[in-house]
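Fold and contact review
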Amino acid sequence: MALYILRRIALSIPALLGLILLTFVLSRVVPGDPAATLAGDAATPAQIAQIRAQYGLDRPILEQAVIHVRQVLSGDLGNSIFSGRPVAEEIWQRLPATLELTFVALFLATLLGIGLGLVAALDHNGPLDHLVRVVSVGGLAIASFWLAIMLQLQFSMEWNLLPLRGRLDVALGQVPRLTGFMLVDTLAIGRFDLFLDALRHLALPAFTLALPGLATIARFTRSGVLEVLQKDYVLYARAAGYGRFRLAAIYVLRNAVTVTVTQVGLLFGALVSGAVAVEAVFDWPGLGTYAVQAILSADYKALLAVTLVIGVVYAVVNVAVDVAQAIIDPRVADQ
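Notes on the structure follow. (Residues numbered from 1 in each chain as written. Predicted model: local features only at pLDDT ≥ 70, side-chain atom pairs only at ≥ 80, totals over all residues. Heavy atoms only, no water.)

Focus: the overall build of the protein chain
- Counting its regular elements, the protein chain contains 15 helices and zero strands.
- Along the longest, intermediate and shortest principal axes, the C-alpha atoms of the protein chain span 85 × 55 × 40 Å.
- Considering only contacts within the protein chain whose residues lie at least 6 apart along the sequence, 72% involve residues at least 24 apart.
- Of the roughly 17,800 Å² of accessible surface on the protein chain, 67% is carried by carbon and sulfur atoms.
- Of the side-chain charges in the protein chain, 23 are positive and 23 negative, and the distance between the mean point of each set is 7 Å. (Helix = DSSP H or I, 4+ residues; strand = E, 2+ residues; numbered from the N terminus. Contact = heavy atoms within 4.5 Å. Areas by Shrake-Rupley, 256 points an atom, 1.4 Å probe, with all protein chains shown as cover. Lys, Arg positive; Asp, Glu negative; His and termini not counted. Charge placed at Lys NZ, Arg CZ, Asp CG, Glu CD.)

See below:
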């Protein structure tokens, strides 16, 4: 197993190097001049040229790429062109908010998706199967930003049940930063009222982010369970008198979720990148909101760093998913 884990980690390194180069090239070939944006509308050509020279934007692109890769490999993500602060510091402040939102959304999507997929398969072509199909198609078809606005209008502005924006009600007090994860920090200081308030703030953005993933996991789980139900050992167990739900819990589900676990890893990356729109709507102070600000201000250093961090998180989660898959099915590690 240890050799398998090391092999998976080694395979991630070339992918991350490719991501660094690809994002750098894309950021430099798109129209727009970061120096002109930073200088402002009233800047003279000389001032723009001075800023361009200050940040090395006047050098050949190949030289800029080499410098960028060398800085990243040494752990230096550079300074934000917009704020002047180290990008790594700004990302470190915002990363826990995005990860917390993503983990909660992934938990909801996995829990509900596997449950709905299992129920749909056991009621194949029945009313529950058709209902899950409608929910899954709707979950994939509805745009996240539209759903987020509709949920805000209904649950926050019409019914006043859940908060409209943010991570915590500032009137309840400040939470000292221990981990940056609001749910963990509020429990660590013993403030259960703040924990519940953080959960209420998470409800709408997490559900909005989870819905497409929930639909995908439900579809994969349903297909996997239907396939396993046709296996000989399942037919034998059924002939031996096992009940449907007992049969599903003991024999079917574990063998059916192998593909679903792989899909969960792929979904994590999609959820992190999808958080950009959701965070912007709910004013969630995470990487998504930071990325939007970086795009609007042409802060390419911040954009490159955000993309790299998301890529690293995505690679780590994929290695973890591969390990989980190997634990569920040991034959995977031997391949």
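Quick word on the packing of aromatic side chains
- Inspection of the entire model under this criterion finds two aromatic pairs.
- On the basis of an interplanar angle of 80° and a centroid distance of 5.4 Å, the ring pair of Phe155 and Trp159 is categorised as edge-to-face.
- Judged by centre distance (5.6 Å) and plane angle (25°), the ring pair of Phe192 and Phe195 falls under stacked. Of this pair, Phe192 and Phe195 are both found in helix H9 (residues 192-229), three residues apart, which corresponds to roughly one turn of the helix.
- Residue classification places Phe195 among the buried positions, given a relative accessible area of 15%. (Phe/Tyr/Trp six-rings, centres within 6.5 Å; stacked < 30°, edge-to-face > 60°. Buried < 20%, exposed > 50% of the residue type's maximum accessible area, 1.4 Å probe, protein only.)

Notes on the nonpolar core
- Residues Ile91, Leu209, Phe268, Leu287 and Val306 are the most contacted members of the largest nonpolar core, which totals 54 residues.
- Of all elements in the fold, only helix H4 (61-73), helix H5 (87-122), helix H7 (144-158), helix H8 (182-188), H9, helix H12 (258-282), helix H13 (287-296) and helix H14 (300-328) reach the threshold of two or more residues within this core.
- Residue contributions to this core peak at 11 residues, all from H9.
- When near neighbours in sequence (up to four residues on either side) are disregarded, Leu287 contacts Ile91, Arg94, Leu95, Thr98, Glu279, Val306, Val309 and Ile310.
- Grouped together as the second largest cluster of nonpolar side chains are 13 residues, Leu226, Ala237, Val252 and Ala256 included. (Core = buried A, V, L, I, M, F, W, Y, C linked by side-chain atoms within 4.5 Å.)

Brief notes about the environment of Ser156
- If you trace the backbone, Ser156 turns up in helix H7.
- A relative accessible area of 7% places Ser156 in the buried class.
- The spatial distance from the C-alpha of Ser156 to the C-alpha of Ala315 is 36 Å, given a sequence separation of 159 residues.
- Residue contacts for Ser156: discarding those within four places in its chain leaves Leu151, Leu162, Pro163, Leu164 and Leu204.

Side note on the packing of H7 against H12
- Where H7 meets H12, the closest approach of the two axes is 9 Å, and the angle between their N-to-C directions is 25°. With respect to H12, the axis of H7 lies roughly parallel. Judged by the sense of rotation from one axis to the other, the crossing of H7 with H12 is right-handed. Two secondary-structure elements touch here, H7 through Ser144, Phe145, Ala148, Ile149 and Gln152 and H12 through Val278, Val281 and Phe282.
- Counted by class, the contact of H7 with H12 contains six nonpolar, two polar and no charged residues. (Axes fitted to C-alpha atoms, helices over the stretch in contact; angles between N-to-C directions. Parallel < 35°, antiparallel > 145°, perpendicular 65-115°, else oblique. Left-handed = near helix turned anticlockwise from the far one by under 90°. Nonpolar A, V, L, I, M, F, W, Y, C, P; charged D, E, K, R; others polar.)

Here we look at the side chain of Ser80
- Following the sequence through the fold, Ser80 ends up in the loop between H4 and H5.
- Using a relative accessible area of 2% as the deciding quantity, one classes Ser80 as buried.
- Separated by 2.4 Å, the side chains of Ser80 and Asp299 make a polar contact.
- Apart from residues no more than four positions distant in its own chain, Ser80 is found in contact with Arg85, Val87, Glu90, Tyr290 and Asp299. (Polar contact = N/O pair within 3.5 Å; in protein donor to acceptor, adjacent residues only side chain to side chain.)

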